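Fold and contact review
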Amino acid sequence: MRGLAALLLLLAGIPPAAAADPVEAARALLRAGRTREAAVAWEAAADAAADDATAARWLRAGAYAAWRSRDFGRADRLLDAALARGGDDPVARASVGYYRGLVLTDVGAWRRAEAALTAAAPAAQASPALALGIAEARAWLAQEQGRPDDAVTHLLAADPPEGAWHHHATSLGWALLNVAADAGQPAAEARAWLDFAVGAAEDAGDAVVLATAHANLAWACLLDGDLPASAAHITEVRDLQTEYDEVFLDLVDGDRLLALADAPAAEARFAAAEARARRTIPGDSEGGWRGRFGLCRARGTLDDCYAALAELERLGTGTALKGGRGSFFASRRALLAWTLDHEPDAARAFTAADGARARVLRALQARVRLDALTPAQAAGWQTRQAALWAAREALEAHLARADLVAGSARTRWRATAAARQAAHDRALAAAFEYLDDVAPLTAPAGADAAALAAALQPDEALLALTRHHAGWLAFFVADGRVERAAVGDDPLAPFAARLAGRHHLYVVPGGHPAAPGLHRAQLADRTVSYLPYAGLLLRPPPSGAGALVIADARRDLPASAAASARIAQRLGARLLQGDAATRAAVLAALPGPGLIHFAGHGQLVADDPWAAWLALAQDDRLALPDVLTRPVEADLVVLSGCETGPDAALGAEAIGLPAAFLAAGAATVIASDRPVPDAATARLFEAFYQGEGPPAARLRAAALALDDATGAHFRVWGRR
């Protein structure tokens, strides 16, 4: 959404005729791309401003420049100052909230970003440009979270002011293009908006937006198989001689050449993209892994694919430094599909597939953990970020002078480049060592096939399903080995002989439509539990002690309230019931207990399962990010209520509350995927706690003892 960056200049509230020297200096620095220095100059302009309203405008402009330079600590400080100087002007305060939302989106504090943008939206209606900016920012946030349809919804609801249509059409075309790429559908609607954007940008004389529209059209034409048009749009971008992202152009051109079966030329383009990505954004680049993916296809080698997958893992847990680029979700799936297509070893293919599933949950936890930092921890993180970006700018500035260095000075230049690269790498390591220390990732990596096969008990097996371009691929792990097969409607059919003697089956559903029904059939004499990915089975068991019962927070489930009191007494548990079950009390109590029982309402959000929540007292909620950012040491978490867990057929890039609890450290979670009756649910779990054995066996026994189907609506996630 590069149109968003250009639009921000219009939204800064700076009159073109302003004549103050510090202001002109700041503008000149910004035009020259020297954004860090521009931020300092805007702050100086604010210090010299004649009144608070003007100072607040310059401070917002400085925050924008700091955001552009990715100096998020400075941006946050300047926004605080702008808020203090802006007084009670609602539009000025909304502008601060808007910029704050952009900063929080880029550092990965998604929940706070959404809150800032939502709070700013009502007052922004008084300023059409600001209202449009907020709509575009919310679209960018949705895209970062992997919700391209929501991004389109936000943009379609916007009402662009005169003079902003070329920005808006480019953004909308880009969002529609992401939807098309994600779904593997034609990009006709995206192309129509982008064609309109080209004409509007030409009329406005805006070369930056024009280049962006042409670049996205190059991608859209490539997706539609219109290779000559794709090449023409790439040429248009390069002829404009703007500072458009050459990495993106090289990647699109490489794919075009690959489609023309010109592998040597495609390889050259992908190699150029990868080298440019590493030179311009060292150590943290989407372009890097996409370049490696292109190289593996051009060369027909698996080594580049595995290198790309490893880089995606590093990028996924380091996205606090660079956006996750939801635009490339389809490319990530394509990378895995290519690897699975060409890997003859079933164990290596399984390991690659499980790593890809794990990365989704680990990357989400990496992003939302920033929301849980204390002020002191956040300040420590910002300090290390500032050091990292200073090291990065020094490195980039030195690399940019490569063409100016005479032959006699090349040796010294290379030595300085190596020293600055090393300084950058140390700063990057220091930043994430600090973050991992104060907010460690608790979600483990994907499973190594050999380690998983050795860890399974003799009476256990694992079925992992993966969507493939030709249908469905299944991996079956048992007896110390991995078997792979294409599957149809019955994912167990190819493995029927190997199921003999298995009393428990772990299922990684991967989106297969038959997966939800496996636990209801119970596979004759076997129990079933589900896993977001198999690597969770290799984590050491949790070490919590005691029990916590959270019950009837909304005071409308009398049977569950009474049963929960009896369950708490039986377990010797701490009971948070009714008005005592506040969000603050629950968050404080989550770490530590070895058993957590929740009896209350849950909520699933259609097509957005990671936005699920549990109802608490005072109309509050326990949301998925709350769970992901708190360490959980429970051996068992029971979510006894309506819609507390997602349908197991959800794809690999969708998670819910059970996955969040497992990622946070729980071993086993029991949850329902639909509304369930209060009285029957209360009876089910009183019987469950009276039983013996592993949770899956106890749930099955309790369900069989009831006269209705309530027990079939609950599913076990994690260990048996």
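Here the structure is shown first, and the text comes after it.
A few points on the structure. Everything numeric here is computed off the predicted structure, so don't read it as measured data. (Residues numbered from 1 in each chain as written. Predicted model: local features only at pLDDT ≥ 70, side-chain atom pairs only at ≥ 80, totals over all residues. Heavy atoms only, no water.)

**Quick word on the overall build of the protein**
Using the following cut-off: Only DSSP runs of H or I reaching four residues or more are called helices, and only runs of E reaching two or more are called strands; each is numbered from the N terminus. We compute the radius of gyration over the C-alpha atoms and compare it with the globule rule, which gives 2.2 Å times the number of residues raised to the power 0.38. Relative accessibility under 20% of the residue-type maximum defines a buried residue, over 50% an exposed one, and the middle range a partly exposed one, all with a 1.4 Å probe and only protein chains included. By definition in these notes, contact holds between two residues if any of their heavy atoms fall within 4.5 Å. Accessible surface is estimated by sampling points in the Shrake-Rupley manner with a 1.4 Å probe; for residues, cover comes only from the protein chains shown.
Regarding its fold elements, the protein presents 29 helices and 14 strands. The C-alpha atoms of the protein give a radius of gyration of 27 Å, which matches the 27 Å a tight globule of 720 residues would have. Each of the three principal axes of the protein carries a C-alpha extent, and together these read 80 × 60 × 50 Å. Across the 720 residues of the protein, 57% fall into the buried class. The contacts of the protein with a sequence gap of at least 6 include a subset with a gap of at least 24, amounting to 71%. By element, 54% of the accessible surface of the protein is carried by carbon and sulfur atoms, the whole surface being about 27700 Å².

**Quick look at unusual backbone geometry**
Comment: phi is negative for the bulk of residues other than glycine, and the bulk of peptide bonds are trans. Phi is positive for Asp479, which is not a glycine, with a value near 55°. Mapped onto the elements, Asp479 comes out in the loop between strand E2 (471-478) and strand E3 (481-487). The phi dihedral of Arg555 is positive, around 55°, even though this residue is not glycine. With respect to the helices, strands and loops of the structure, Arg555 is situated in the loop between strand E6 (547-551) and helix H24 (558-571). Relative accessible area serves as the criterion here: at 57%, Arg555 is assigned to the exposed category.

**Looking at the packing of aromatic side chains**
We describe a pair of aromatic rings using the distance from one ring centre to the other and the angle between the two ring planes. We count it as follows: By convention, a stacked pair of Phe, Tyr or Trp rings (six-membered ring in the case of Trp) has centres within 6.5 Å and planes under 30 degrees apart, an edge-to-face pair has planes over 60 apart, and any other such pair is tilted. Both a distance and an angle decide whether a charge sits over a ring: NZ of Lys or CZ of Arg must be within 6 Å of the ring centre and within 35 degrees of the ring normal.
Applying the stated criterion to the full structure yields 15 aromatic pairs. Centroid distance Tyr64 to Trp67: 6.0 Å. Interplanar angle 40°. Geometry classified as tilted. One end of the pair, Tyr64, and the other, Trp67, are both in helix H4 (residues 52-68), 3 residues apart, so they sit about a helical turn from each other. Taken individually, Tyr64 and Trp67 each receive the classification buried, so the pair is uniform in this respect. With centroids separated by 5.0 Å and ring planes inclined at 80°, the aromatic side chains of Phe685 and Phe714 adopt a geometry described as edge-to-face. Pair noted here: Phe685 is in helix H28 (residues 678-690) and Phe714 is in strand E14 (residues 714-718), with a separation of 29 residues, a long-range link. An identical accessibility class is assigned to Phe685 and Phe714; each is buried. Members of the aromatic cluster, connected to one another through ring pairs, are Phe685, Phe688, Tyr689 and Phe714. The side chain of Arg410 reaches across the aromatic face of Trp413, ending 4.9 Å from its centre.

**Considerations on the sheet that holds strand E11 (residues 621-623)**
What holds strands together in a sheet is hydrogen bonding between their backbones, with the strands either parallel or antiparallel. For the record, the criterion: By definition, two strands form a pair when at least two bridges between them are found by DSSP.
The antiparallel open sheet is built from 3 strands, whose spatial order is E9-E10-E11. Where the open sheet ends on each side, the last strands, each with one partner, are strand E9 (602-603) and E11. Where E9 meets strand E10 (residues 613-615), 2 bridges bridge the pair, whose relative direction is antiparallel. Bridge assignment links Gly602 to a residue of E10, and that residue is Leu614.

**Some details on the pairing of strand E1 (residues 460-468)**
Among the 9 residues of E1, 8 are classified as buried, and the element is accordingly described as predominantly covered. Strand direction decides the pairing type here: E1 and strand E4 (residues 504-508), joined by 5 bridges, are parallel. Opposite Leu462, over in E4, you have Tyr506 as the bridge partner. As paired strands, E1 and E2 are joined by 7 bridges and run antiparallel to one another. Within E2, the position partnered with Leu463 by the bridge is Phe476. Between the antiparallel neighbours E1 and E2 lie 2 residues.

**Some points on the environment of Val716**
On the secondary structure map, Val716 appears in strand E14. The class of Val716 is buried, set by a relative accessible area of 3%. Val716 sits 187 residues away from Ser529 along the chain, and the two C-alpha atoms are 4.8 Å apart. The contact partners of Val716, leaving out residues within four places of it in the chain, are Val528, Ser529, Tyr530, Thr668, Val669, Ile670, Ala696 and Leu699.

**A short note on a negative patch on the surface**
To be explicit about the condition: Put simply, a patch holds well-exposed residues, over 30% relative accessible area, that have no salt bridge, with like charges counted together within 9 Å and Val, Leu, Ile, Met, Phe, Trp or Tyr side chains within 5 Å. The working definition used for a salt bridge is a side-chain nitrogen of Lys or Arg within 4 Å of a carboxyl oxygen of Asp or Glu. Residues scored as positive are Lys and Arg, those scored as negative are Asp and Glu, and His as well as the terminal groups of each chain are ignored. Throughout, a charge is located at the NZ atom of Lys, the CZ atom of Arg, the CG atom of Asp or the CD atom of Glu.
The grouping of Glu202, Asp203, Glu236 and Asp239 at the surface amounts to a negative patch. Elements that contribute at least two residues to the negative patch include exactly helix H11 (188-204) and helix H13 (227-240). Mapping Glu202 onto the fold places it in helix H11.

**As for the pattern of salt bridges**
Summed over the entire model, instances satisfying the criterion amount to 33 salt bridges. For Arg77, the salt bridge identified is with Glu43, shortest N-O distance 2.8 Å. Taken together, the residues span a long stretch of sequence, with Arg77 in helix H5 (residues 72-85) and Glu43 in helix H3 (residues 35-47) at a distance of 34 residues. Looking at Arg77, the relative accessible area reads 42%, which means it is partly exposed. Residues Arg85 and Asp52 are paired through a salt bridge, measuring 2.8 Å at the closest nitrogen-oxygen approach. Here Asp52 lies in helix H4 and Arg85 lies in helix H5, a separation of 33 residues in the sequence. One connected set of salt bridges, linked through shared partners, spans Arg238, Glu246, Asp250, Asp253, Arg256, Arg269 and Arg276.

**Brief notes about the pairing of strand E7 (residues 574-577)**
To keep it simple, the criterion reads: Handedness rule for crossovers: strands pointing away from the viewer, path from the first strand over the helix to the second running clockwise, crossover right-handed.
Inspection of the sheet shows E6 paired to E7 by 4 bridges, in the parallel sense. Residue pairing across strands places Leu548 opposite Arg574, the latter belonging to E7. Crossover connection from E6 via H24 to parallel E7: handedness right-handed.

**Examining helix H9 (residues 148-156)**
Three or four residues apart is the spacing at which side chains of an α-helix point the same way, because the helix has 3.6 residues per turn. For the record, the criterion: The directions considered for the arc are those from the helix axis to the C-beta atoms.
Within the sequence span of H9, burial applies to Pro148, Ala151, Val152 and Leu155. All buried residues of H9 project into a common sector of 100° when viewed along the axis, lining one side. The secondary structure elements touched by the buried residues of H9 are helix H8 (128-144) and helix H10 (165-183).

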